[in-house]
Structure formats: C-alpha cells, structure tokens
Amino acid sequence: MTHPSSTREVPAHDDVPRHVAIIMDGNGRWAKRQHLPRIAGHRRGVEAVRATVRTCAERGVRFLTLFAFSSENWRRPAEEVALLMQLFQMALTNEVEKLHRNGVRLKVVGDTRRFDANIRRAIENGERLTADNRGLTLTIAANYGGRWDILQAMNQVLKEKPGLKEIQEEMLAPHLAMSYAPEPDLFIRTGGEQRISNFLLWQLAYAELYFTETLWPDFDAAALDLAIASYRSRERRFGRTSEQLEAAKRAEVA
C-alpha cells in the first residue's frame, strides 16, 4: 500500500492522529531523581511503553513508532549499551506474545546488522508472528537514524537503476524504512529537550511537534491525552491558507 506524501498532496487527517511517533527521553534522569542506577529508569521505561501501546490502541491511533535506540546511542558507556541490549532482547522475548494476543503488529526498523544473532532472531520471530495482525502497528526504531534511512533508500534506488542521473521522490519513498506506514501526524518528545535528534527526518516533514517536560517513565494515558488535545488544537494547513481551509469546510457541509 502506498501512502500519500505530505509534500506532494494533502493527506487525510482527523481529530485523532493516525500515526504517533515518540522519542522516549528521560529514563536516566528519572532514575537519578529516584537515586537509582540508570538501567532502573530504562526498565521503568518499558512499563511506559506497555501503557502507551494500550492507550494508543484505545484512542484509535493506528500506528505508533517509538525511538528505542539511535545510531548515535552506541556512543554511550559500553556497560550501559550492553544492559540496553539485554533489556531490548528481554522485551522482545517477553512482550511479543502479549502484543499478538491483542492484535498488534510489530515492526522493527533500523540497521539491525549490528545487533547480535539472538536479538536479530527475536526481531524476526516477533515480526513473523504478528505479521497478519490488523490492530495497532507498533514500530520500534532500533539502531535507526534519519540520515541512514534516506541514504539507504537512495542506494537501493541507484542499485535498481544504475546510471540514474536524478532521483524523484516517488522513486525514493518505497525504499524508506517505514514505507508501510503513513507519515506521522503527531511527534512527541518527552524529557524536556526540543530536538528531533535524527529521527524520521524525511517522514516528519509535516508532523505536529509536541514537547513535554514529563520524563518517559512518567508518561501515562493522561500525558498522551494532553498531547492529542494539543494536536487537535492545531490548524493543519499543509501549505494552504486558513481561508482555503475554511472554504473547504464550507464545501464539505454544502
């Protein structure tokens, strides 16, 4: 299925964002405030993931994308990276059956070649088990970077069409890591930082951006509802004027 590009046409949108993308920031700071090791914050963050998946499904969100581990996160201390990898594998192993029972489809995007064989196997098993589910699509971005995504898509186009002198958007789009999903309507970053941090650089072209001071382990249904309420208050023009939007609304009523 091909989804519309927000820079080429006006995509369908509603009061509930069809696709929510989240940078889950603040696990380490949450742990520090609790006088706990950083990994305790990451473990608590997994609980917040569960709650957010459940709430998104209840609110009618169809796609949820979570930035779990960026291509730059390898720069963190080796001990923390090792613990994060253990937690990632554990979450994949323990959560997939629950996701499947609830009709959730799991996808993992990013350069997974750097993960060890056990993690890659868990990813493959999870995606295979949930492939036919028709509920919420949960995407985990792991060892993912927006620039990596664009470059790998360009390289695939050039591989298919050697000697090509110019790449058009419609050629690139099918090769992007999230070609199966519509572009995010709502981008959320927890933890108070106001950066995109190399996340979905292509796909966030017309997303509504929402930043909250809430640390990820404290992000709950009420916090998500605040983000959705903010989204509903935005005027989504996609390059048009407010007057054009009003005219379109009047035409629909008529």
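Residues numbered from 1 in each chain as written. Predicted model: local features only at pLDDT ≥ 70, side-chain atom pairs only at ≥ 80, totals over all residues. Heavy atoms only, no water.

Points about the pairing of strand E3 (residues 105-109)
Worth spelling out the cut-off: The buried label applies to any residue whose accessible area, calculated with a 1.4 Å probe on protein chains only, is under 20% of its type's maximum; exposed applies above 50%, and partly exposed to all values in between. Secondary structure elements are defined from DSSP: runs of H or I of at least 4 residues count as helices, runs of E of at least 2 residues count as strands, and each element is numbered from the N terminus. Strands qualify as paired when DSSP identifies two bridges or more between them. Here is how to tell: hold the view so the strands point away, follow the path from the first strand over the helix to the second, and if it runs clockwise the crossover is right-handed.
Burial of E3 is extensive: four of the five residues sit out of reach of the surface. Direction of pairing for E3 relative to strand E4 (residues 137-144): parallel, over a ladder of five bridges. Residue pairing in the sheet places Arg105 in a bridge with Thr137 of E4. Chirality of the crossover, the property in question, places the unit of E3, helix H4 (residues 117-130) and E4 among those that are left-handed.

A few points about the layout of surface pockets
Where we set the bar: A cavity, in this analysis, means grid points on a 1 Å lattice covering only the protein atoms where a 1.4 Å probe fits yet has no way out; a pocket is instead an open set bounded by protein on both sides within 12 Å along at least five of seven lines, and a residue lines either one if it has an atom within 4 Å of a point. Grid points are joined across faces, edges and corners, and a volume is the space filled by probe spheres set on the points.
Approximately 1,200 Å³ is the volume attributed to the largest pocket. Lining the largest pocket are 43 residues, with Met24, Val49, Leu66, Phe67 and Ala68 positioned closest to its centre. Those elements that provide at least two residues to the lining of the largest pocket are helix H1 (27-33), helix H2 (38-59), strand E2 (63-70), helix H3 (78-101) and E4.

Some remarks on the environment of Arg113
Selection criterion: Identification of polar contacts relies on pairs of N or O atoms within 3.5 Å, with a donor-acceptor requirement for protein atoms, meaning one able to donate a hydrogen and the other able to accept it, and with residues adjacent in sequence counted only if both atoms are side-chain atoms.
If you trace the backbone, Arg113 turns up in the loop between E3 and H4. Classification of Arg113 by relative accessible area gives exposed; the value is 66%. Of the polar contacts made by the side chain of Arg113, one reaches the side chain of Asp111; its length is 2.8 Å.

Remarks on the sheet that holds strand E6 (residues 208-211)
Strand pairing in a sheet relies on backbone hydrogen bonds. The paired strands run either parallel or antiparallel. As a reminder, the rule being used: Helix axes use the C-alpha atoms of the stretch in contact, all axes being lines fitted to C-alpha atoms, and the angles between their N-to-C directions lie in the range 0 to 180 degrees.
One open sheet accounts for six strands, arranged E3-E4-E2-E1-E5-E6; its pairing is parallel. The open sheet is flanked by E3 and E6, the only strands paired with a single partner. Averaged over neighbouring strand pairs, the angle between their axes works out to 20 degrees when direction is ignored. Looking at chain direction, strand E1 (residues 19-23) and E2 are connected through five bridges and run parallel. Opposite His19, over in E2, you have Phe63 as the bridge partner.

Things to note about the packing of aromatic side chains
This is how it is decided: Pairing of aromatic rings covers Phe, Tyr and Trp, the last through its six-membered ring, and needs centres within 6.5 Å; plane angles under 30 degrees mean stacked, over 60 mean edge-to-face, and all others mean tilted. Each ring is checked for a lysine NZ or an arginine CZ that lies within 6 Å of its centre and within 35 degrees of its normal; such an atom marks a charge sitting over the ring.
Scanning the entire structure with this criterion turns up ten aromatic pairs. With centroids separated by 6.0 Å and ring planes inclined at 70 degrees, the aromatic side chains of Phe187 and Phe211 adopt a geometry described as edge-to-face. Of this pair, Phe187 sits in strand E5 (residues 186-189) while Phe211 sits in strand E6, and the two are 24 residues apart along the sequence. In this structure Phe187 comes out as buried when scored by relative accessible area, which is 0%. Taken together, the aromatic side chains of Phe67, Tyr144, Trp148, Phe187, Phe199 and Phe211 make up a single cluster linked through ring pairs. Directly above the ring of Tyr180 sits Lys107, whose terminal nitrogen or CZ lies 4.8 Å from the centroid.

Remarks on the nonpolar core
Put simply, the rule reads: Residue types Ala, Val, Leu, Ile, Met, Phe, Trp, Tyr and Cys, when buried and joined through side-chain atoms within 4.5 Å, form a set referred to as a nonpolar core. Working rule for contacts: check all heavy atoms of both residues, and any pair within 4.5 Å makes them a contact.
In terms of nonpolar packing, the biggest core is built from 40 residues, with Leu64, Leu138 and Ile188 touching the most fellow members. Sorting elements by how many residues they give to this core places H3 first, with seven residues. In contact with Leu64, not counting residues within four places along its chain, are His19, Val20, Ile22, Thr52, Val53, Cys56, Leu136, Thr137, Leu138 and Thr139. Residues Ile23, Tyr144, Met178 and Ala207 belong to the second largest nonpolar core, which totals 15 residues.

Looking at the pattern of salt bridges
Here the idea is simple: oppositely charged side chains can pair when their charged atoms come close. Short version of the rule: For this document, the term salt bridge refers to a Lys or Arg side-chain nitrogen within 4 Å of an Asp or Glu carboxyl oxygen.
A complete count under the given rule lists twelve salt bridges for this structure. For Asp225, the salt bridge goes to Arg59, with nearest N and O atoms at 2.8 Å. Here Asp225 is found in helix H7 (residues 221-232), whereas its partner Arg59 is found in helix H2, with 166 residues between them in sequence. A salt bridge links Arg234 to Glu208; the nearest nitrogen and oxygen atoms lie 3.1 Å apart. In this pair, Arg234 sits in the loop between H7 and helix H8 (242-253) while Glu208 sits in strand E6, placing the two residues 26 residues apart along the sequence. For Arg234, a relative accessible area of 25% corresponds to the partly exposed category.

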